[in-house]
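Report on the structure
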Amino acid sequence: MSLMENLLMAVGSLQAHKLRSLLTMLGIIIGVGAVIIVVAIGQGGEAMLKSQIAGSGNTIELFYQPSNEEIAANPNIYNQAPFSQEDIRLVETIPGVKQVVATSSAFSTVRFREKTSDSSAIGINQAYLDVNDIEIAKGRGFAASDFISGRRVTMISSFMQEELFEGKSPIGEIIRIGAQPVEIIGVLKKPTGLLAFGSVEAYLPYNTWKTIFAKNEITQITLQAESADQIKRIGQTAAKKVNLLHGTEDSYQVINMEEIAQGLGQITKIMTLIIGSIAGISLFVGGIGVMNIMLVSVTERTREIGIRMALGATRKQVLTQFLIESMTLTLIGGIVGIVIGWGTSALISFFAGWPSLISWQVVAGGVLFSMIIGIVFGLLPANKAAKLNPIESLRYE
Amino acid sequence: MIIMENIIKSYKIAKEDLHVLSHINLTIQTGEFAAIMGPSGSGKSTLMNLIGCLDTPTSGNYYFAGENVASYKDEDLARIRNSSIGFVFQHFQLLPRLSALKNVELPMIYAGISKSERRDRSEEALRKVGLADRMDHLPNALSGGQKQRVAIARAIVNEPKLLLADEPTGALDSKTSETIMEQFTKLNDEGATIILVTHEAEIASYAKRTITVRDGRIVSESGGIT
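Residues numbered from 1 in each chain as written. Chains lettered and ligands numbered in written order. Predicted model: local features only at pLDDT ≥ 70, side-chain atom pairs only at ≥ 80, totals over all residues. Heavy atoms only, no water.

1. Re the overall build of chain B
This is how it is decided: Helix and strand assignments come from DSSP, with helices taken as H or I runs of at least 4 residues and strands as E runs of at least 2, each series counted from the N terminus. Throughout, the radius of gyration refers to the C-alpha atoms, and the reference size of a globule is 2.2 Å times the residue count to the power 0.38. Working rule for contacts: check all heavy atoms of both residues, and any pair within 4.5 Å makes them a contact. Per-residue accessibility takes into account occlusion by the displayed protein chains alone, with areas from the Shrake-Rupley method and a 1.4 Å probe. Working convention for charge: Lys and Arg count positive, Asp and Glu count negative, and His plus the chain ends are omitted. Note that the charge is assigned to NZ on lysines, CZ on arginines, CG on aspartates and CD on glutamates.
Scanning chain B from terminus to terminus reveals seven helices and ten strands. Relative to the globule expectation of 17 Å for 226 residues, the C-alpha radius of gyration of chain B, 17 Å, shows essentially globular dimensions. Projected onto its principal axes, the C-alpha positions of chain B cover 50 × 40 × 35 Å. Excluding contacts between residues fewer than 6 apart, the proportion of contacts in chain B whose partners are at least 24 apart in sequence is 68%. With the model as given, the accessible surface of chain B reaches about 9900 Å², and the carbon-plus-sulfur share is 47%. Chain B carries 26 positive and 28 negative side-chain charges, and their two centres are separated by 4 Å.

2. Observations regarding the pattern of salt bridges
Convention followed: Salt bridge criterion: a side-chain nitrogen from Lys or Arg within 4 Å of a carboxyl oxygen from Asp or Glu. Buried residues are those whose accessible area, probed at 1.4 Å on protein chains only, stays under 20% of the maximum for their type, while exposed residues exceed 50% and partly exposed ones sit between those limits.
Counted under the stated rule, the structure contains 25 salt bridges over all chains. In this structure, the salt-bridge partner of E304 of chain A is R308 of chain A, at a minimum N-O distance of 2.8 Å. Pair noted here: E304 of chain A and R308 of chain A are both in helix 11 (residues 302-310), with a separation of four residues, about one helical turn. Residue E304 of chain A is classed as buried on the basis of its relative accessible area, which comes to 9%. A relative accessible area of 4% means that R308 of chain A is categorised as buried. Salt-bridge contacts for E190 of chain B lead to K128 of chain B; the nearest nitrogen and oxygen are separated by 3.4 Å.

3. Examining the nonpolar core
One broad rule of soluble globular proteins: the nonpolar side chains tend to lie buried together. Applied cut-off: Here the nonpolar core consists of buried residues drawn from Ala, Val, Leu, Ile, Met, Phe, Trp, Tyr and Cys, with membership extended through side-chain atoms lying within 4.5 Å.
By size, the foremost hydrophobic cluster in this structure holds 69 residues, and its most contacted members are I2, M4, I51, Y62 and F64 of chain B. No other element matches the seven residues that helix 2 (residues 18-53) of chain A contributes to this core. Ignoring anything within four residues of it in the chain, the contact list for I51 of chain B reads I2, M4, L26, I36, Y62, F64, I85, L162, L164 and I195 of chain B. In terms of nonpolar packing, the next biggest core, distinct from the first, is built from 41 residues, L62, F83, I234 and Y252 of chain A among them.

Pasting the structure below:
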């Protein structure tokens, strides 16, 4: 007897009890659907975290972590900028460094006519614009000449625009950072995504920042490598050189973004595993439901089994018939579950602004797993059917 | 066709052997139309189950078409039932969800016969029992006599060596019984070997030979070819 024949027979049997089949499938549908949703959202979340964290390609940040002795010697050390122009010149010479991003930040009151806002003023160099994806909503960005001449121009965040201009266009307006007048040439786009925090900020070319605050110091240095495999080496060399320059032991260090991303990926993986196993339990319960109904079905169809055996069905053929029937039940449930899971995770990701990843492995796994559930939980009922005695079964009322 | 030698069938009940059949010797030739008669509890049903390869004897030899099937395993018995025996039961034993045609196709499904051939042969079998116009009806839409004729069509469709009918008229009125028995007579005239199990003398009279079973033994025979 061919597989196709068996499948058609199974579908026929399931159709004979439509509501019962549907309710039994529901357990599998919910289980498979839940697994698909969890995995899709988990993988989507992981991908998004990675892209957010390691978004600016091939970069590594240098940071200052003073030792206990240094803090004891100078309790104010955290309030001082850790880097100078000299450090930039030093790390720029390391082979494999494409460019060095330097930022300096200071807190300042920003004033426009009567309105004021507490803001951070961030001085950036030209490399900053290359490494970070800065999207301008209105106006223009900094030109190379702005960096060189230190023109009094600024780009403000959308949040500052909301605070000071209430939706009116700020392009061309003069704001005062501290006491210094600066012309607004651009407004940045509102950031999107999970890790984007809205803050009130004004960006300035470094030379402008330097004259406004009368400081020549750098808060943050980020190195961009020419290729990804150089990041680690460049980071270590830079830390060593800067430590040497400052006469410190190990206070200057690097953070490897890749490692952070991997760590976060680990977290999302564990979360996915935990929620996934809960979904797996519901799938298991669904499987028990299938077994239960199949057992009822075997009892109800004792006579049918007796007739089939009298007409020449072997025990193996009866076993196969019931196995295929329970497998068909869970397979249909699994496919419906995948479709529903797919739809739901697409819907969730649409509203959460979160990518939803459904890989073919997950779909194939879902189909395969629901088939396996059908076989595993169908084994007991099918075996019961195959063990029936044809003579007694024919007499069964 | 059938040779039974010293067949014993016993069940262990409370550590004691209960002989349902003892020392049965029976030979049935190809082309015979035999009736097995006996009151209920005589062991005739057990005998029928043995003849129909639904069960195996406790001891003795049973040659079915030359094969000693007494010690056969389930799989082999199923094969013989499928290829060589056609059953007609008292309560028709049709699958209620399948049409008359699909019911007749059943034994051929297990014989591994292709779909188109199954259909052709089923239609032919149904035509033979006079149900050409009822092929797509479900059993519930058929009368008792029609149901039994579907069952006969199913029994003969695999061209079995033996047709085994267990009280085939037990659920039918006398007029319908007559047409069913005429059907069997016609099949026998065409060469079919038929064994009929019944407790009604009137029905048994259609057969050419009557074997009477009582208390697990064959007590009388009449009209045998041997």
